[in-house]
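So you can see what is in the structure, the chains are spelled out below.
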Amino acid sequence: MTDALELDALWEDFHRVVNMTSQELAAWLRVRDADEATEPLPEQAGTPTGQHVLAILQKRRTDLTEDDLRVMRKVVDTVTDEADLENEPEPETTAEDTRRRHRLMTLGHDPLKG
């Protein structure tokens, strides 16, 4: 298991890059997977990683598992690599910006949220 200082740093980093609430993320995952005819069940909406991020947001730090820590590290690394955290929010200007925003939102990070 991760030591207390590493866990504290990871917890802070995760909650810094995941700027959507659990309600916002759950709603986004449902919208993302919905189409004209169907909408997935809430517990089945979104990617496995998005669902895991949602579950982590609903946990206390003391309840985290090794798998949670692995996902948290992955999310922190991905968002840090793909997002310009210093200059957000920045408006979308291209289709690629929109795709990038939607990818990040699936991990709980909305680049347009200030």
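Each remark here, short or long, concerns the structure printed above.
For every chain, the first residue of its written sequence is number 1, and the numbers climb from 1 along that sequence. Owing to the predicted nature of the model, reporting of local features is limited to residues with pLDDT of at least 70; listing and counting of side-chain atom pairs is limited to 80 or more, with chain, interface and lining totals taken over all residues. Just so you know, side-chain values use all the structure's heavy atoms and leave hydrogens and water out.

1. Looking at the overall build of the chain
Our working rule: In this text, helices come from DSSP runs of H or I with a minimum length of four residues, and strands from runs of E with a minimum of two, each type numbered from the N-terminal end. Categorising residues by exposure relies on relative accessible area from a 1.4 Å probe, with only protein chains included: less than 20% of the type maximum marks a residue as buried, more than 50% marks it as exposed, and the intermediate range marks it as partly exposed. Should any heavy atoms of two residues lie within 4.5 Å, those residues are considered in contact. Note on areas: Shrake-Rupley with a 1.4 Å probe; residue coverage comes only from the protein chains shown.
Counting its secondary structure elements, the chain contains 5 helices and 0 strands. Each helix and strand of the chain, ordered N terminal to C terminal, gives the series α-α-α-α-α. Within the chain, the proportion of its 114 residues that are buried is 37%. A sequence separation of at least 24 residues applies to 60% of the contacts in the chain between residues at least 6 apart. Total accessible area computed for the chain in this model is approximately 6900 Å², and 51% of it derives from carbon and sulfur atoms.

2. Digging into the pattern of salt bridges
In plain terms, the rule: Throughout this description, the term salt bridge denotes a Lys or Arg side-chain nitrogen within 4 Å of a carboxyl oxygen of Asp or Glu.
Scanning the entire structure with this criterion turns up 8 salt bridges. Taking the shortest distance from any N to any O, the salt bridge between D8 and R61 comes out at 2.7 Å. One end of the pair, D8, is in helix α1 (residues 4-17); the other, R61, is in the loop between α3 (48-57) and α4 (66-82), and 53 residues separate them in sequence. Take D8: its relative accessible area is 33%, and that puts it in the partly exposed class. R61 gets classed as partly exposed once you look at its relative accessible area, which sits at 29%. Between R101 and D110 there is a salt bridge, with its nearest N and O atoms 2.8 Å apart.

3. Description of the packing of α3 against α4
Applicable threshold: For helices, the axis comes from a line fit to the C-alpha atoms of the stretch in contact; other axes are also lines fit to C-alpha atoms, and the angle between any two N-to-C directions lies between 0 and 180 degrees. Roughly parallel here means an angle under 35 degrees, roughly antiparallel means over 145, roughly perpendicular means 65 to 115, and every remaining angle is called oblique. Crossings are classed by handedness, with left-handed meaning an anticlockwise turn of the near helix from the far one by less than a right angle and right-handed meaning a clockwise turn.
Taken N-terminus to C-terminus, the directions of α3 and α4 make an angle of 110 degrees; their axes are 10 Å apart at the nearest point. In terms of orientation, α3 lies roughly perpendicular with respect to α4. Of the two elements, α3 crosses α4, and the hand of that crossing is left-handed. Contact with α3, carried on its side by T49, H52, V53 and I56, involves D67, D68, V71, M72, K74 and V75 of α4 and no other residues of that element.

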